[in-house]
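Structural overview for review
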Amino acid sequence: GSSVQAAASQVLMAANDNSPPGASRAEKLSRRRHPFQGRSVAIVNDLTVDEQWYLYHKTRSLKEAVRTGADLDEFRLRNTESAVYTIFMEDSTRTKESFRNAAEFHGMKVNVFDAKTSSFSKNETITDTIKMLCGYSTGQSLFVIRSKVEGVCRWLEESIADYCADRGFPRASFINAGDGRHEHPSQEFLDEFSFLEHKGWDAGSIHLALLGDLFHGRTVHSKVDGLRIYRKVQVDLIAPSELALPKMYEDRMIQRGYVVRKFASIDEYLEQEKVATIWYFTRLQLERMGDKVKDKQMDLRRCVSMRRDLVDKLPPNTKFFHPLPRDSRFPTLPFFLDNTKFNGWDQQSQNGYFTRIVLLGMLGGHFGADFQQSALSEDGKPTSPLLSAFSPEYSAMQKSGGLESPLDLDLGFKPSALLTSGDFIVEKKHSPSNKVAEKSSKEVGLMPISNGIVIENLAAGQSIEQVWNLMYMVRSILDLHSVGGQGVRLSEEFPGKGSGFIAVPDVDINDWDRQPLKRLAAMAPGSTLRVVKEGLVDREFSLQVPPRVYNFKDITCKNTACVSHPQNLQHEVMPFFTRTRGSEADGPDAVAFACKYCETQHSFWEIWNYKGYKPQDYTL
């Protein structure tokens, strides 16, 4: 236990070491203690609520210094060996230019990377490109990346960290400047800063109306977590069904405790009394929806566009915000509003420059010495997915036998897979003197086995066809073809339903590593695994849904925009899913699997590529 913790501590310290080769021990310790340097911001939650507040207060101080004409040197990084690369694979004006100018404010090297004329046109993976660029500066490299491919920064954060460490480079930082429909965290930071300014820095509550294309709008999706800085949150979603917020994000808002209301149009919204004073408009991205909305696009635009006849219905002190750009042909915020008291978007846009100065200063190691660093966020979880192996959850797994050791951790022994799989396999305790004969095989018409394993209750409660499909899936993926026997136990209570049974003789479960055990639990949660020795049930285990599913050739994120999806040709990226809460509509114990990179939620069966079953017919 203590040796594992010591090794884990060493790995964590190494991961946070951004010191240059040859640095003194004192300098290394100083850099290791820095709360922000070398970290990445792929999603809003990569900064805890306390850390977001730190960003907002630093930005407030910077703006005040500018307003009063004070000396700005204390806000400047002034490291000419630190390099900022702006890599934009989608068009941008405000995000790209504000980051470029923010980097120049700090005196950093600024590299405006031209994706259209780069090796991307020769089908180079983004991983290979970033590896090369990390070596072109003796200081830290910070990458600001916009991409149609979702989850790029999360992947680069983990893959390039090892690359930099192996070569003695300072650890690189990655900032997501918008990835597909996923998130746009730095936009969210400037939005929340703008809201706070408007509210006089009152974080007690916020009532916010979100309008426009809520389906494609990544700035809206980032608000699910960005609004956590307020103690009470009410969100009014204003969009017709074709542009509605994806259910995944709405569910997460509800899970956060937000009050969520939905309206199909501004007209409908203004017919009721509780109207928000902060309105956040977004551009309609109808070009992403094709011909299916072509005939009704004007009706859709009218539903979420402000009009002159609606202005008198607005409550006092109403302010409009917009991430911009506006579509000059069909602006949701018409130009007649530009010089009115409703205009909050011009100041909001300028705030992007100031918040990004502070964000680059944090990740570049300039800001943070006065931050009261806490290793854990307000919910008790690590501030970054890269730290998840060293969380309290990790310690609990270690105590329960469910330790999944980092690959580079030498424990000095190889523990049994059954002992290291407590996070998805639970042993049923029974006295050695009360061992019973293995008789399940006989019940389904098979010869009882003397030694081996028996898997029972497969797909319990499903149709007979579904049970057989799952059993063949288990055999196929575990490579148990033509070994042992299988059968179906019919349900007496529910005609046409049953559960599966597989018996595999002469298999020593102690020879398995975690991977096949995890694969079995991932495919057949709720099943029972029995170890048979000399005709008696020696040990019995209950299989549960694993907390993480990865390193399987048979899984794929079904989001075609995900960096891990095969069609995006990022061959180094393997699918990785994390168990999470399912939709409230599916019950309090519903389980879903979120992609590590793009966060798309899947049902259990959706992550598998196996073709011998019909996913829509299964329940979990």
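Located above this text is the structure these notes cover.
Attention in this report is confined to the structure presented alongside it. Every chain begins its residue count from 1, and numbering advances along the sequence as written. It should be noted that, the model being predicted, local features are given only for residues of pLDDT at least 70 and side-chain atom pairs only at 80 or more, the latter also being counted only at that level, while totals for whole chains, interfaces and linings use all residues. Computation of side-chain values covers all heavy atoms of the structure but excludes hydrogens and water.

**So, helix H17 (residues 464-477)**
Helix and strand definitions follow DSSP, with helices as H or I runs of at least four residues and strands as E runs of at least two, each counted in order from the N terminus. By definition here, a helix of n residues has an expected span of 1.5 Å times n minus one. Compared with the 20 Å implied by 1.5 Å per residue over 14 residues, the 20 Å span of H17 between its first and last C-alpha is a close match. For H17, the set of buried residues is Gln466, Val467, Asn469, Leu470, Met471, Met473, Val474, Arg475 and Ile477. Here, residues are in contact when the closest pair of their heavy atoms is within 4.5 Å. Next to the buried residues of H17 lie strand S11 (452-463), strand S12 (485-490), strand S13 (497-505) and helix H18 (514-523). Looking at the residues trailing H17, positive phi occurs at Asp479, about 55°. A 1.4 Å probe rolled over the protein chains alone gives each residue an accessible area, and that area as a share of the maximum for its type sets the label: buried under 20%, exposed over 50%, partly exposed in between.

**Here's the deal with the packing of aromatic side chains**
Here is the rule: rings of Phe, Tyr and Trp (six-membered ring for Trp) pair when centre to centre is within 6.5 Å. Planes less than 30 degrees apart are stacked, more than 60 are edge-to-face, and the remainder are tilted. Per the stated rule, a full pass over the model turns up 22 aromatic pairs. Between the aromatic rings of Trp279 and Phe320, the centroid separation amounts to 5.6 Å while the plane-to-plane angle is 55°, which identifies the pairing as tilted. Linking Trp279 in strand S8 (residues 278-281) with Phe320 in strand S9 (residues 319-321), this pair joins segments that are 41 residues apart in sequence. Through successive ring pairs, a cluster of aromatic residues spans Phe263, Tyr269, Trp279, Phe281, Phe320 and Phe342. Whether a charge lies above a ring is judged from NZ of Lys or CZ of Arg, which has to be within 6 Å of the ring centre and within 35 degrees of the ring normal. In this arrangement the basic side chain of Arg76 is found over the ring face of Phe105, its NZ or CZ atom lying 4.2 Å from the centre.

**A look at the pattern of salt bridges**
A pairing counts as a salt bridge when a side-chain nitrogen of Lys or Arg comes within 4 Å of a carboxyl oxygen of Asp or Glu. One pass over the structure, following the stated rule, counts 29 salt bridges. A salt bridge links Lys223 to Glu188, with the nearest nitrogen and oxygen atoms 2.7 Å apart. Pair noted here: Lys223 is in helix H9 (residues 223-226) and Glu188 is in helix H7 (residues 185-198), with a separation of 35 residues, a long-range link. For the pair formed by Lys223 and Glu188, the shared burial category is buried. Measuring nitrogen to oxygen at the nearest pair gives 2.6 Å for the salt bridge that ties Glu242 to Lys296. Residue Glu242 is found in the loop between strand S6 (232-238) and helix H10 (247-255), and its partner Lys296 is found in the loop between S8 and helix H12 (297-303); the two are separated by 54 residues along the sequence. Judged by relative accessible area, Lys296 falls into the partly exposed class, the value being 32%.

**Describing the nonpolar core**
By convention a nonpolar core is built from buried Ala, Val, Leu, Ile, Met, Phe, Trp, Tyr and Cys residues, the set being connected through side-chain atoms within 4.5 Å. Counting 70 residues, the largest nonpolar core has Ile87, Ile130, Phe143, Ile145, Leu156, Phe174 and Trp608 as the members making the most contacts within it. Of all hydrophobic cores here, the second largest spans 68 residues; its members include Leu55, Leu210, Phe321 and Leu359.

**A closer look at the environment of Val41**
Tracing the backbone shows Val41 in the loop between helix H2 (25-33) and helix H3 (49-68). Taking relative accessible area as the criterion, Val41 reaches 1% and is therefore assigned buried. The contacts of Val41, once residues within four sequence positions are left out, are Asp46, Leu47, Phe174, Ile175, Asn176, Pro185, Phe189, Leu359 and Leu363.

**Comments concerning the sheet that holds strand S3 (residues 141-147)**
A pair of strands is considered paired only if DSSP assigns at least 2 bridges between the two. As summarised here, the arrangement of the four strands in space is S2-S1-S3-S4, forming an open sheet in which the pairing is parallel. With partners counted over all chains shown, the strands left at the sheet margins are strand S2 (109-113) and strand S4 (173-179), one partner each. Each adjacent strand pair in this sheet contributes to an overall mean axis angle of 15°, direction not counted. Sheet topology places strand S1 (residues 83-88) next to S3; six bridges connect them, and they run parallel. Paired with Ile87 across the two strands is Ile145, which belongs to S3. Only the contacting stretch of a helix is used when fitting its axis, a line to C-alpha atoms as for every element, and angles between N-to-C directions run 0 to 180 degrees.

**Concerning the environment of Phe263**
Examined against the element boundaries, Phe263 turns out to sit in strand S7 (residues 259-263). For Phe263, a relative accessible area of 11% corresponds to the buried category. A sequence separation of 24 residues divides Phe263 from Ala239, and the C-alpha atoms of the two residues are 6.4 Å apart. Other than its neighbours up to four places away in sequence, Phe263 contacts Asp236, Leu237, Ile238, Ala239, Glu268, Tyr269 and Gln272.

**Examining the environment of Glu158**
Tracing the backbone shows Glu158 in helix H6 (residues 152-167). In terms of polar contacts, Glu158 uses its side chain to reach the side chain of Lys596, at 2.6 Å. Contacts described as polar in this section are N or O atom pairs within 3.5 Å, which, within protein, must combine one atom able to donate a hydrogen with one able to accept it, while residues neighboring in sequence count only if both atoms come from side chains. Within the local environment of Glu158, its side chain forms a polar contact with the side chain of Tyr597, the two groups lying 3.2 Å apart.

**Details of H7**
Counted at 1.5 Å a residue, the expected span for H7 with its 14 residues is 20 Å, and the 20 Å between its end C-alpha atoms agrees. Of all 14 residues in H7, 12 are buried; the element is thus mostly enclosed. Within H7, the full set of buried residues consists of Pro185, Ser186, Gln187, Glu188, Phe189, Leu190, Asp191, Glu192, Phe193, Ser194, Phe195 and Leu196.

**With respect to the side chain of Asp236**
Within the fold, Asp236 resides in strand S6. Among the residues examined, Asp236 registers a relative accessible area of 0% and is labelled buried. A distance of 2.6 Å separates a polar atom in the side chain of Asp236 from a polar atom in the side chain of His207. Here Arg261 takes part through its side chain, which lies 2.9 Å from a polar atom of the side chain of Asp236. With residues near it in sequence (within four places) discarded, Asp236 still touches His207, Leu208, Ala209, Leu210, Arg261, Phe263, Tyr269, Lys274 and Ala276.

**Let's talk about the sheet that holds strand S16 (residues 548-550)**
A sheet is described by the order of its strands in space; here four strands give the open sequence S16-S17-S18-S19, paired in antiparallel fashion. The sheet terminates laterally at S16 and strand S19 (601-602), the two strands that pair on one side only. Relative to strand S18 (residues 591-595), strand S17 (residues 576-581) is paired through five bridges, and the arrangement is antiparallel. Bridge assignment links Arg579 to a residue of S18, and that residue is Phe593.

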